[in-house]
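So the chains spell out like this:
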Amino acid sequence: MAQPVLAACGLQNEHLPRLTLLKQDSGVDGSFLIAAILGHRLKASKDHHVLLIATHHTYHHYSSACMKVGFNLGPARDSGQLQILDVAAELFHNYPNCFPSLDDIAHRVGTFLKTHPGRTILVDDLTYFLNFDHSEAQLIDFVEQFAATEDRHHSLVIKLNTADLWATLCANLDDMAQVEIGLQRLASGQFREVDGRLVVSRYPAEEDGEQDLIKVKKVDKSVLYKVNERNIKVFVPGEVGIKNL
(Lines give C-alpha, C1' and ligand atoms only; values in the text may rest on other atoms or scores of the structure.)
Protein backbone atom coordinates (compact mmCIF):
# COMPACT_ATOMS: atom_id res chain seq x y z
CA MET A 1 0.00 0.00 0.00
CA ALA A 2 0.97 3.66 -0.29
CA GLN A 3 0.12 4.90 3.22
CA PRO A 4 3.71 4.77 4.60
CA VAL A 5 5.11 7.03 1.90
CA LEU A 6 2.16 9.45 2.18
CA ALA A 7 2.65 9.64 5.95
CA ALA A 8 6.38 10.24 5.53
CA CYS A 9 5.67 13.13 3.16
CA GLY A 10 2.83 14.58 5.27
CA LEU A 11 0.37 14.10 2.40
CA GLN A 12 -2.21 11.94 4.17
CA ASN A 13 -3.96 14.90 5.83
CA GLU A 14 -7.45 16.04 4.85
CA HIS A 15 -6.16 19.36 3.51
CA LEU A 16 -2.99 19.60 1.46
CA PRO A 17 -0.84 22.74 1.25
CA ARG A 18 -1.82 25.22 -1.44
CA LEU A 19 1.22 24.21 -3.55
CA THR A 20 3.35 21.08 -3.16
CA LEU A 21 6.34 20.49 -5.43
CA LEU A 22 7.60 17.01 -6.25
CA LYS A 23 11.14 17.67 -7.49
CA GLN A 24 12.64 14.63 -9.19
CA ASP A 25 16.30 14.32 -10.14
CA SER A 26 17.09 13.47 -13.74
CA GLY A 27 16.76 9.72 -14.14
CA VAL A 28 14.25 9.42 -11.27
CA ASP A 29 10.56 8.75 -11.95
CA GLY A 30 8.35 10.18 -9.21
CA SER A 31 5.07 9.07 -10.79
CA PHE A 32 4.57 6.55 -7.95
CA LEU A 33 4.01 9.50 -5.61
CA ILE A 34 1.47 11.08 -7.98
CA ALA A 35 -0.38 7.74 -8.08
CA ALA A 36 -0.32 7.47 -4.27
CA ILE A 37 -1.70 11.00 -3.82
CA LEU A 38 -4.31 10.41 -6.53
CA GLY A 39 -5.71 7.29 -4.91
CA HIS A 40 -5.68 8.81 -1.43
CA ARG A 41 -7.46 12.04 -2.43
CA LEU A 42 -10.21 10.12 -4.20
CA LYS A 43 -10.72 7.75 -1.27
CA ALA A 44 -10.70 10.53 1.35
CA SER A 45 -14.14 11.83 0.35
CA LYS A 46 -16.64 11.27 -2.45
CA ASP A 47 -17.17 15.05 -2.48
CA HIS A 48 -13.51 15.73 -3.23
CA HIS A 49 -12.77 16.11 -6.94
CA VAL A 50 -9.40 15.57 -8.59
CA LEU A 51 -8.04 16.82 -11.91
CA LEU A 52 -5.06 14.87 -13.26
CA ILE A 53 -2.99 16.61 -15.94
CA ALA A 54 -1.08 13.65 -17.38
CA THR A 55 1.98 14.47 -19.48
CA HIS A 56 4.95 12.21 -18.67
CA HIS A 57 2.62 9.22 -18.31
CA THR A 58 -0.88 8.59 -19.63
CA TYR A 59 -4.08 7.97 -17.67
CA HIS A 60 -3.74 4.23 -18.34
CA HIS A 61 -0.37 4.20 -16.57
CA TYR A 62 -1.92 5.72 -13.45
CA SER A 63 -4.97 3.48 -13.66
CA SER A 64 -2.68 0.43 -13.62
CA ALA A 65 -0.46 1.87 -10.86
CA CYS A 66 -3.42 2.64 -8.59
CA MET A 67 -4.94 -0.78 -9.21
CA LYS A 68 -1.75 -2.40 -7.91
CA VAL A 69 -2.05 -0.57 -4.58
CA GLY A 70 -5.73 -1.37 -4.19
CA PHE A 71 -7.64 1.48 -5.83
CA ASN A 72 -9.73 1.33 -9.00
CA LEU A 73 -9.87 4.70 -10.80
CA GLY A 74 -12.67 3.57 -13.14
CA PRO A 75 -15.69 4.37 -10.91
CA ALA A 76 -14.23 7.75 -9.90
CA ARG A 77 -13.68 8.66 -13.54
CA ASP A 78 -17.13 7.44 -14.59
CA SER A 79 -18.82 9.49 -11.84
CA GLY A 80 -16.88 12.63 -12.67
CA GLN A 81 -15.05 12.72 -9.35
CA LEU A 82 -11.82 12.22 -11.32
CA GLN A 83 -11.25 14.28 -14.44
CA ILE A 84 -8.35 13.70 -16.82
CA LEU A 85 -6.41 15.98 -19.13
CA ASP A 86 -4.40 13.29 -20.92
CA VAL A 87 -2.02 15.66 -22.68
CA ALA A 88 0.32 12.98 -24.02
CA ALA A 89 -2.57 10.94 -25.43
CA GLU A 90 -4.09 14.04 -27.06
CA LEU A 91 -0.73 14.86 -28.64
CA PHE A 92 -0.52 11.33 -30.05
CA HIS A 93 -4.01 11.54 -31.60
CA ASN A 94 -3.65 15.10 -32.94
CA TYR A 95 -0.01 15.11 -34.11
CA PRO A 96 1.18 17.01 -36.11
CA ASN A 97 -1.84 19.31 -36.36
CA CYS A 98 -2.01 20.40 -32.72
CA PHE A 99 0.56 20.78 -29.93
CA PRO A 100 -0.08 21.16 -26.17
CA SER A 101 -1.02 24.73 -25.25
CA LEU A 102 -0.66 26.14 -21.74
CA ASP A 103 -3.41 28.67 -22.47
CA ASP A 104 -5.79 25.83 -23.30
CA ILE A 105 -4.72 23.88 -20.20
CA ALA A 106 -5.21 26.99 -18.01
CA HIS A 107 -8.72 27.49 -19.40
CA ARG A 108 -9.66 23.89 -18.69
CA VAL A 109 -8.21 24.07 -15.18
CA GLY A 110 -10.17 27.28 -14.53
CA THR A 111 -13.39 25.56 -15.63
CA PHE A 112 -12.68 22.64 -13.31
CA LEU A 113 -12.10 24.97 -10.32
CA LYS A 114 -15.36 26.82 -10.92
CA THR A 115 -17.36 23.61 -11.15
CA HIS A 116 -16.26 21.71 -8.05
CA PRO A 117 -16.01 22.93 -4.43
CA GLY A 118 -13.34 20.62 -2.94
CA ARG A 119 -10.59 19.86 -5.42
CA THR A 120 -7.00 18.81 -6.02
CA ILE A 121 -5.01 19.41 -9.21
CA LEU A 122 -2.16 17.00 -9.98
CA VAL A 123 0.35 17.89 -12.71
CA ASP A 124 2.38 14.88 -13.81
CA ASP A 125 5.44 16.74 -15.16
CA LEU A 126 5.33 20.50 -15.73
CA THR A 127 8.68 20.56 -17.55
CA TYR A 128 7.05 18.51 -20.34
CA PHE A 129 5.68 21.74 -21.79
CA LEU A 130 9.20 23.12 -22.32
CA ASN A 131 9.46 20.67 -25.22
CA PHE A 132 6.78 22.60 -27.13
CA ASP A 133 8.15 26.16 -27.30
CA HIS A 134 6.82 27.23 -23.91
CA SER A 135 9.27 29.33 -21.89
CA GLU A 136 10.10 29.03 -18.20
CA ALA A 137 8.39 32.39 -17.67
CA GLN A 138 5.15 31.03 -19.18
CA LEU A 139 5.25 28.00 -16.87
CA ILE A 140 5.84 30.26 -13.86
CA ASP A 141 2.84 32.43 -14.83
CA PHE A 142 0.72 29.31 -15.31
CA VAL A 143 1.46 28.07 -11.79
CA GLU A 144 1.14 31.50 -10.23
CA GLN A 145 -2.42 32.06 -11.41
CA PHE A 146 -3.55 28.95 -9.52
CA ALA A 147 -1.08 28.83 -6.60
CA ALA A 148 -0.84 32.48 -5.58
CA THR A 149 -4.47 32.70 -4.51
CA GLU A 150 -5.50 32.20 -0.88
CA ASP A 151 -8.39 29.98 -1.96
CA ARG A 152 -8.27 27.09 0.52
CA HIS A 153 -10.75 25.08 -1.51
CA HIS A 154 -8.11 23.72 -3.85
CA SER A 155 -4.61 22.32 -3.69
CA LEU A 156 -2.01 22.07 -6.42
CA VAL A 157 0.58 19.27 -6.61
CA ILE A 158 3.21 19.64 -9.33
CA LYS A 159 5.90 17.18 -10.33
CA LEU A 160 8.85 18.56 -12.29
CA ASN A 161 12.38 17.66 -13.29
CA THR A 162 15.08 19.62 -11.46
CA ALA A 163 17.73 19.59 -14.21
CA ASP A 164 20.18 22.51 -13.97
CA LEU A 165 18.91 23.65 -17.36
CA TRP A 166 15.69 24.84 -15.70
CA ALA A 167 17.15 26.52 -12.60
CA THR A 168 15.03 29.69 -13.08
CA LEU A 169 11.79 27.72 -13.18
CA CYS A 170 12.66 25.68 -10.08
CA ALA A 171 13.78 28.73 -8.08
CA ASN A 172 10.55 30.64 -8.78
CA LEU A 173 8.30 27.69 -7.96
CA ASP A 174 10.29 27.10 -4.76
CA ASP A 175 9.31 30.60 -3.63
CA MET A 176 5.61 29.85 -4.17
CA ALA A 177 5.50 26.34 -2.66
CA GLN A 178 4.72 25.58 0.95
CA VAL A 179 6.18 22.06 0.73
CA GLU A 180 8.96 20.60 -1.43
CA ILE A 181 9.56 16.88 -1.77
CA GLY A 182 12.85 15.95 -3.41
CA LEU A 183 13.06 12.57 -5.12
CA GLN A 184 16.77 11.92 -5.27
CA ARG A 185 19.07 9.24 -6.56
CA LEU A 186 21.36 7.48 -4.12
CA ALA A 187 24.79 9.09 -3.98
CA SER A 188 26.29 5.60 -3.63
CA GLY A 189 24.69 4.42 -6.88
CA GLN A 190 22.09 1.69 -7.42
CA PHE A 191 21.03 -0.56 -4.55
CA ARG A 192 18.71 -3.55 -4.80
CA GLU A 193 16.76 -2.84 -1.60
CA VAL A 194 16.27 0.93 -2.09
CA ASP A 195 15.29 3.02 -5.13
CA GLY A 196 16.16 6.48 -3.81
CA ARG A 197 15.75 9.13 -1.16
CA LEU A 198 12.78 11.37 -0.29
CA VAL A 199 13.67 14.71 1.30
CA VAL A 200 10.70 16.71 2.59
CA SER A 201 11.17 20.43 3.24
CA ARG A 202 8.51 22.77 4.62
CA TYR A 203 8.13 26.01 6.50
CA PRO A 204 8.45 25.45 10.28
CA ALA A 205 5.39 26.19 12.40
CA GLU A 206 5.40 29.68 13.90
CA GLU A 207 5.42 29.94 17.67
CA ASP A 208 2.76 32.10 19.35
CA GLY A 209 3.68 35.75 19.06
CA GLU A 210 6.58 35.05 16.71
CA GLN A 211 6.76 35.95 13.05
CA ASP A 212 9.92 35.58 10.98
CA LEU A 213 10.76 38.42 8.62
CA ILE A 214 12.10 35.90 6.13
CA LYS A 215 10.61 32.41 5.93
CA VAL A 216 13.00 29.62 5.00
CA LYS A 217 12.00 26.02 4.40
CA LYS A 218 13.78 23.45 6.53
CA VAL A 219 14.22 19.72 6.02
CA ASP A 220 11.38 18.08 7.91
CA LYS A 221 12.15 14.47 7.04
CA SER A 222 14.57 12.40 4.98
CA VAL A 223 13.77 8.75 4.26
CA LEU A 224 14.71 6.05 1.78
CA TYR A 225 12.05 4.43 -0.40
CA LYS A 226 11.49 1.29 -2.43
CA VAL A 227 8.70 0.94 -5.02
CA ASN A 228 7.53 -2.66 -5.15
CA GLU A 229 4.91 -4.30 -7.33
CA ARG A 230 2.11 -3.96 -4.72
CA ASN A 231 3.37 -1.39 -2.22
CA ILE A 232 5.80 1.42 -1.50
CA LYS A 233 8.12 0.96 1.47
CA VAL A 234 10.00 3.65 3.35
CA PHE A 235 13.09 3.18 5.52
CA VAL A 236 14.86 5.39 8.01
CA PRO A 237 18.54 5.76 7.02
CA GLY A 238 20.55 3.52 9.32
CA GLU A 239 18.10 0.61 9.48
CA VAL A 240 19.62 -2.86 9.48
CA GLY A 241 20.79 -3.78 5.98
CA ILE A 242 20.84 -0.21 4.63
CA LYS A 243 22.97 1.52 7.23
CA ASN A 244 25.54 2.74 4.71
CA LEU A 245 22.99 4.74 2.66
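Scroll up a little and you will see the structure.
Residues numbered from 1 in each chain as written. Predicted model: local features only at pLDDT ≥ 70, side-chain atom pairs only at ≥ 80, totals over all residues. Heavy atoms only, no water.

Undergrad: Before we go on, may I ask you to explain the overall build of the chain in this structure?
TA: If you tally the helices and strands in the chain, you get eight helices and nine strands. Burial statistics for the chain: of 245 residues in total, 50% are counted as buried. Expressed as a percentage of contacts within the chain between residues at least 6 apart in sequence, the contacts between residues at least 24 apart total 74%. For the chain, the exposed surface amounts to about 12700 Å²; the carbon and sulfur share of it is 49%. (Helix = DSSP H or I, 4+ residues; strand = E, 2+ residues; numbered from the N terminus. Buried < 20%, exposed > 50% of the residue type's maximum accessible area, 1.4 Å probe, protein only. Contact = heavy atoms within 4.5 Å. Areas by Shrake-Rupley, 256 points an atom, 1.4 Å probe, with all protein chains shown as cover.)

Undergrad: Can you walk me through the packing of aromatic side chains in this structure?
TA: Taken as a whole, this structure holds four aromatic pairs when the rule is applied. Taking the centre distance of 5.5 Å and the plane angle of 75° together, the rings of Phe 142 and Phe 146 count as edge-to-face. Here Phe 146 and Phe 142 lie together in helix H7 (residues 136–147), a separation of four residues that amounts to about one turn. A single burial state applies to Phe 142 and to Phe 146, both of which are buried. Taken together, the aromatic side chains of Tyr 128, Phe 129 and Phe 132 make up a single cluster linked through ring pairs. The ring of Tyr 59 carries Arg 77 above its face, with NZ or CZ at 4.1 Å from the centroid. (Phe/Tyr/Trp six-rings, centres within 6.5 Å; stacked < 30°, edge-to-face > 60°. Lys NZ or Arg CZ within 6 Å of the ring centre and 35° of its normal.)

Undergrad: How should I be thinking about the environment of Asp 174 in this particular structure?
TA: In this structure, Asp 174 sits in helix H8 (residues 167–176). By relative accessible area, Asp 174 is classed as buried at 17%. Along the backbone, Asp 174 and Lys 217 are 43 residues apart, and their C-alpha atoms lie at a distance of 9.4 Å. Not counting residues within four places of it along the chain, the set of residues in contact with Asp 174 comprises Leu 21, Lys 23, Glu 180 and Lys 217.

Undergrad: Whenever I open this one, the pairing of strand S5 (residues 154–161) confuses me. Can you help?
TA: Consecutive side chains of a regular strand alternate in pointing toward one face of the sheet and then the other. Most of S5 is tucked away, with eight of its eight residues classed as buried. For strand S1 (residues 19–24) and S5, the ladder comprises six bridges, and the chain directions are parallel. Opposite Leu 21, over in S5, you have Ile 158 as the bridge partner. As judged from the five bridges shared by strand S4 (residues 118–123) and S5, these two strands associate in the parallel manner. (Pairing = 2+ DSSP bridges.)

Undergrad: What is the right way to read the sheet that holds strand S6 (residues 179–184) from this model?
TA: Adjacent strands of a sheet pair through backbone hydrogen bonds, lying either parallel or antiparallel. A sheet is described by the order of its strands in space; here nine strands give the open sequence S3-S2-S4-S5-S1-S6-S7-S8-S9, paired in mixed fashion. Of all the strands in the sheet, just strand S3 (82–86) and strand S9 (232–235) have a single pairing partner and so form its edges. Ignoring strand direction, the axes of neighbouring strands in this sheet form an average angle of 20°. By the bridge criterion, six bridges tie strand S2 (residues 48–54) to S4 in an arrangement that is parallel. Directly across from Val 50, in S4, lies its bridge partner Thr 120. Across the sheet, helix H2 (residues 31–44) touches S1, S2, S3, S4, S5, S6, strand S7 (196–202), strand S8 (218–227) and S9, and the angle it forms with S2 is around 160°. (Axes fitted to C-alpha atoms, helices over the stretch in contact; angles between N-to-C directions.)

Undergrad: Hey, could you run me through the pairing of S8 in this one?
TA: As paired elements, S7 and S8 share seven bridges and run antiparallel to each other. What sits directly across from Val 199, in S8, is Ser 222. Pairing between S8 and S9: four bridges, direction antiparallel. Opposite Leu 224, over in S9, you have Phe 235 as the bridge partner. Between S8 and the antiparallel strand that follows it, S9, lie four residues.

Undergrad: Honestly, the environment of Leu 21 in this entry has me stumped. Any pointers?
TA: Looking at the secondary structure, you find Leu 21 in strand S1. Here Leu 21 falls in the buried class, since its relative accessible area comes to 0%. In this structure, the C-alpha to C-alpha distance between Leu 21 and Cys 170, residues 149 residues apart in sequence, is 9.4 Å.

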